[in-house]
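Descriptive structure summary
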Amino acid sequence: MARALIDDCFAHHPERLSAAQALELLRSRVGPVVARETVPLVEAHGRILAEPLISPRDVPGFDNVAVDGFAFAHADLAAAAPTRLALIEGRAAAGHPFAGRLPAGAALRVLTGAPMPEGADCALMQEDVELDGDAVVIPPGVKLGANRRRAGEDVRAGQVALEPGIRLRPQDVGVAATFGRDRLEVFRPLEVALVSTGDELCEPGAPLGPGETYDANRSILFGLLQGLGCRVTDLGIVPDRADAVARTMREAGAGHDAVITSGGASRGDEDHVVRAVDRLGQLHFWQIAVKPGRPLAFGQLGRAVFVGLPGNPVAAVVCFLRFARPLLTALGGGRWPEPHAFLVPADFAMKKKPDRREYLRARLITGPDGRTWVQRIEREGSGILTSLTEADGLVELPEDLRRVDPGDPVEFVPFSELGVLG
Ligand code: AMP
Ligand code: MG
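Since we're looking at a predicted model, the values are computed, not measured.

1. Comments concerning the site of ligand 1
Surrounding ligand 1, one finds 14 residues, the nearest of these being Glu200, Asp215, Ala216, Gly264 and Gly311. Taking Ala216, its main chain carries an N or O atom lying 3.0 Å from a nitrogen atom of ligand 1. A distance of 3.1 Å separates an oxygen atom of ligand 1 from a polar atom in the backbone of Asn312. In isolation ligand 1 exposes 480 Å². Once the protein is present, 74% of that is buried. More than half of the atoms belonging to ligand 1 lie within 2 Å of the grid points that define the second largest pocket. A per-class count over the shell around ligand 1 returns 4 nonpolar, 7 polar and 3 charged.

Rendered as structure tokens:
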């Protein structure tokens with residue numbers, strides 16, 4: 001069942017949280033807020049499954065033949081010598097079972113996908129047998145059950161093939177089809193409002209005024225949200241004016257499950273977003289010991305969850321991937337994502353402050369030794385967006401680490417593990 005968020009679910013006491021504590025707090029406090037709906041299979045791709053997918057029957061439904069050739073009974077074969085079997089009239093093909101029963105000492109012509117004829121338990125490819133008039137000669141050494149696909153070897157009747165909370169990939173939808181399902185129960189997409197804030201921001205396509213920069217965050221976040229299966233409402237750029245920000249935040253909170261902003265989320269003079277959320281709903285700053293980061297703002301605007309991301313594009317992306325993405329996934333009914341990290345030797349050296357987790361933009365290279373190494377992208381300012389386009393993923397350096405030396409194994413998380421796909 002979709003559940004409402006508890007009031008002020010982002011309230012917490014500690015001054016500063018580790019990344020793991022922050023993720024655990026989010027994980028324990030949010031669940032699906034969206035209703036379920038039933039959709040045809042073709043519309044189920046990329047959606048989050050809301051039901052356990054249980055097989056109503058064995059798949060495959062019957063023992064069948066895996067080759068084009070001949071079927072026979074293992075018991076008829078000589079242990080160490082070729083066996084001559086009489087070829088009986090007829091054949092079995094996919095969709096056309098053999099009507100009778102195979103008599104002892106006989107073989108039947110069969111095609112791939114045909115139900116294994118009654119009385120037979122193996123099959124051999126036509127290339128592997130010798131045809132001799134109205135008989136076939138089977139070489140010695142055939143195993144019992146050779147080229148037989150067993151009923152239920154893929155899925156047994158009653159088995160849960162897919163758990164609720166997974167994002168349906170094409171192969172998952174295919175499994176539902178093998179169960180005869182033409183519809184699946186999925187979660188309704190999360191409705192997310194997306195806002196950029198800042199007087200300096202200009203819409204791409206428009207001429208730049210003095211001191212202005214193009215809004216990059218909204219395009220990036222739009223793509224990341226779509227990749228999560230969210231339905232995004234683009235609320236554009238709001239200027240740094242208290243009334244305009246409050247109006248947009250009210251509108252965003254009313255009709256959506258979540259509101260994502262970038263910029264204006266510090267405590268500076270022009271940071272109206274957080275003030276508006278504070279006034280209209282509940283607001284909490286989380287000091288998370290990560291770099292790049294800054295306080296991340298979490299809150300509620302009516303029934304909508306609010307996440308205020310930093311304005312600097314790189315910080316906005318990293319904070320989105322590490323914190324907003326799992327939160328939104330859970331709100332949308334998905335299982336909490338645990339991205340896999342791969343240990344890869346570092347092709348760099350660096351010193352690191354202890355007590356905080358650091359995310360480095362990183363690229364994979366093939367070293368002269370033929371192995372995969374990971375390089376840190378040198379240009380690391382959090383406004384340098386091309387550092388992200390040069391990267392293949394993030395290196396995650398744990399809190400207690402103080403230095404990295406060349407060759408040290410470091411944890412590399414590919415962008416694909418973070419849902420960043422083309
Ligand atoms: P703020 O968090 O609003 O103080 O912004 C921090 C920095 O990020 C400033 O240099 C902003 O110009 C920049 N910034 C904020 N929002 C965006 C955006 N949507 N696209 C590109 N840069 C941005
Ligand atoms: Mg700003």
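2. Examining the packing of helix α5 (residues 242-254) against helix α6 (residues 272-280)
Interhelical geometry of α5 versus α6 gives an angle of 55 degrees and a closest axis separation of 9 Å. The angle between α5 and α6 falls in the class oblique. For the crossing formed where α5 meets α6, the hand is right-handed. On the side of α5, the interface is formed by Ala242, Val245, Ala246, Met249 and Arg250, while α6 contributes His272, Val273, Ala276, Val277 and Leu280. Partitioning the contact of α5 with α6 into residue classes produces 8 nonpolar, 1 polar and 1 charged.

3. Some thoughts on the sheet that holds strand β6 (residues 83-92)
Within a sheet, each strand pairs with its neighbour through backbone hydrogen bonds, oriented either parallel or antiparallel. Ordered in space as β8-β5-β7-β6-β10-β9, the 6 strands form an open sheet in which the pairing is mixed. Two strands bound the open sheet, and with one partner strand each, they are β8 (122-125) and β9 (130-132). Strand-to-strand, the axes of this sheet are offset by a mean angle of 40 degrees, without reference to chain direction. Where β6 meets strand β7 (residues 106-110), 4 bridges bridge the pair, whose relative direction is parallel. Within β7, the position partnered with Ala86 by the bridge is Ala106.

4. Overview of the layout of surface pockets
What the largest pocket holds in volume is close to 770 Å³. As for the largest pocket, its lining consists of 29 residues, and the residues nearest its centre are Arg167, Arg169, Arg325, Ser416 and Gly419. The biggest single contributor to the lining of the largest pocket is helix α4 (residues 217-227), with 4 residues. Looking at the second largest pocket, it is lined by 19 residues, and the ones nearest its centre are Glu200, Leu201, Thr213, Asn217 and Gly311. The set of elements that each furnish at least two residues to the lining of the second largest pocket consists of β14 (191-197) and β16 (213-214). Grouping the constituent residues of the lining of the second largest pocket by class yields 4 nonpolar, 10 polar and 5 charged.

5. Structural notes on the pattern of salt bridges
Scanning the model with the defined rule gives 26 salt bridges in all. Between Arg241 and Asp243 there is a salt bridge, and its shortest N-O distance comes to 3.2 Å. The class for Arg241 is partly exposed, based on a relative accessible area of 43%. The partly exposed category is assigned to Asp243, whose relative accessible area is 44%. Between Glu396 and Arg357 there is a salt bridge, with the nearest N and O atoms lying 2.6 Å from each other. Of the two residues, Glu396 is situated in strand β27 (residues 393-397) and Arg357 in strand β25 (residues 357-366); the sequence distance between them amounts to 39 residues. The residues Glu396 and Arg357 share a single accessibility class, namely buried. One continuous salt-bridge network, built from bridges that share partners, spans Arg188, Glu191, Arg231, Asp257 and Arg303.

6. Here we look at helix α7 (residues 313-331)
In an α-helix, one turn spans 3.6 residues; hence positions three or four apart end up facing the same way. Of all bends in α7, the biggest is about 45 degrees, found at Phe320. Taking burial as the measure, the 19 residues of α7 include 19 buried ones, the bulk of the element. The positive-phi residue at the C-terminal boundary of α7 is Gly333, with phi of around 95 degrees.

7. A few points about the environment of Gly69
Structurally, the position occupied by Gly69 is in strand β5 (residues 69-72). On the basis of relative accessibility, which here comes to 0%, the residue Gly69 falls in the buried class. Distance from Gly69 to Thr386, taken between C-alpha atoms, is 58 Å for residues 317 residues apart in sequence. If near-sequence neighbours (up to four positions away) are discounted, Gly69 is found in contact with Leu108, Arg109, Val110, Leu124, Met125 and Gln126.

8. Points about empty space enclosed by the protein
For the coordinates displayed, the defined rule picks out 2 cavities of 30 Å³ or more. When its volume is computed, the largest cavity comes out at roughly 100 Å³. Taken together, 14 residues form the lining of the largest cavity, with Ile48, Pro189, Leu190, Leu228 and Gly229 sitting closest to its centre. In the lining of the largest cavity, the residues fall into 7 nonpolar, 4 polar and 3 charged. Taken as a whole, the second largest cavity encloses approximately 30 Å³ of empty space. Forming the boundary of the second largest cavity are Leu224, Leu228, Phe320, Leu321, Arg325, Leu418 and Gly419. Looking at the lining of the second largest cavity element by element, the count peaks at 3 residues for α7.

9. Topic: the packing of helix α1 (residues 19-29) against α7
Following both chains from N to C, one finds α1 and α7 inclined at 15 degrees, their axes separated by 10 Å at the closest point. Viewed along their axes, α1 and α7 adopt a mutual orientation that is roughly parallel. Of the two elements, α1 crosses α7, and the hand of that crossing is right-handed. Two secondary-structure elements touch here, α1 through Ala19, Ala22, Leu23 and Leu26 and α7 through Arg322, Phe323, Pro326 and Leu327. Broken down by class, the residue content of the contact of α1 with α7 amounts to 7 nonpolar, no polar and 1 charged.

About the thresholds
Throughout this document, residue positions are counted from 1 along each chain, in the order its sequence is written. Chain labels run from A onward and ligand labels from 1 onward, assigned in the order the entries are written. With the structure being a predicted model, the display of local features is reserved for residues of pLDDT at least 70 and the display and counting of side-chain atom pairs for 80 or more, all residues being used for whole-chain, interface and lining totals. Think of the side-chain values as coming from all heavy atoms in the structure, minus any hydrogens and water. We call a residue near a molecule or strand when any one of its heavy atoms sits within 4 Å of it. Here a polar contact is taken to be a pair of N or O atoms separated by no more than 3.5 Å, where protein atoms must pair a possible hydrogen donor with a possible acceptor and residues adjacent in sequence count only if both atoms sit in side chains. Note on areas: Shrake-Rupley, 1.4 Å probe, and residue coverage restricted to the protein chains presented here. Think of a 1 Å grid over just the protein atoms. A cavity is a set of points where a 1.4 Å probe fits yet cannot get out, a pocket is an open set with protein on both sides within 12 Å along at least five of seven lines, and lining residues have an atom within 4 Å of a point. Assignment of a molecule to a cavity or pocket requires that more than half of its atoms lie within 2 Å of the corresponding grid points. Gly counts as polar in this scheme, as do all residues outside two lists: the nonpolar Ala, Val, Leu, Ile, Met, Phe, Trp, Tyr, Cys and Pro, and the charged Asp, Glu, Lys and Arg. Angles shown run from 0 to 180 degrees and are taken between the N-to-C directions of axes, each axis being a line fitted to C-alpha atoms and, for helices, limited to the stretch in contact. Helix and strand definitions follow DSSP, with helices as H or I runs of at least four residues and strands as E runs of at least two, each counted in order from the N terminus. An angle below 35 degrees is treated as roughly parallel, one above 145 as roughly antiparallel, one from 65 to 115 as roughly perpendicular, and anything else as oblique. The sense of a crossing depends on the near helix, which, turned anticlockwise from the far helix by less than a right angle, makes the crossing left-handed and, turned clockwise, makes it right-handed. We call two residues contacting when some pair of their heavy atoms lies within 4.5 Å. At least two bridges found by DSSP between two strands are what make those strands a pair. Grid points are joined across faces, edges and corners, and a volume is the space filled by probe spheres set on the points. Any Lys or Arg side-chain nitrogen located within 4 Å of an Asp or Glu carboxyl oxygen qualifies as a salt bridge. Only protein chains enter the accessibility calculation, which uses a 1.4 Å probe; a residue whose area is less than 20% of its type maximum is buried, one above 50% is exposed, and one in between is partly exposed. What we call the bend at a residue is the angle made by axes fitted to the seven residues finishing there and the seven residues starting there.

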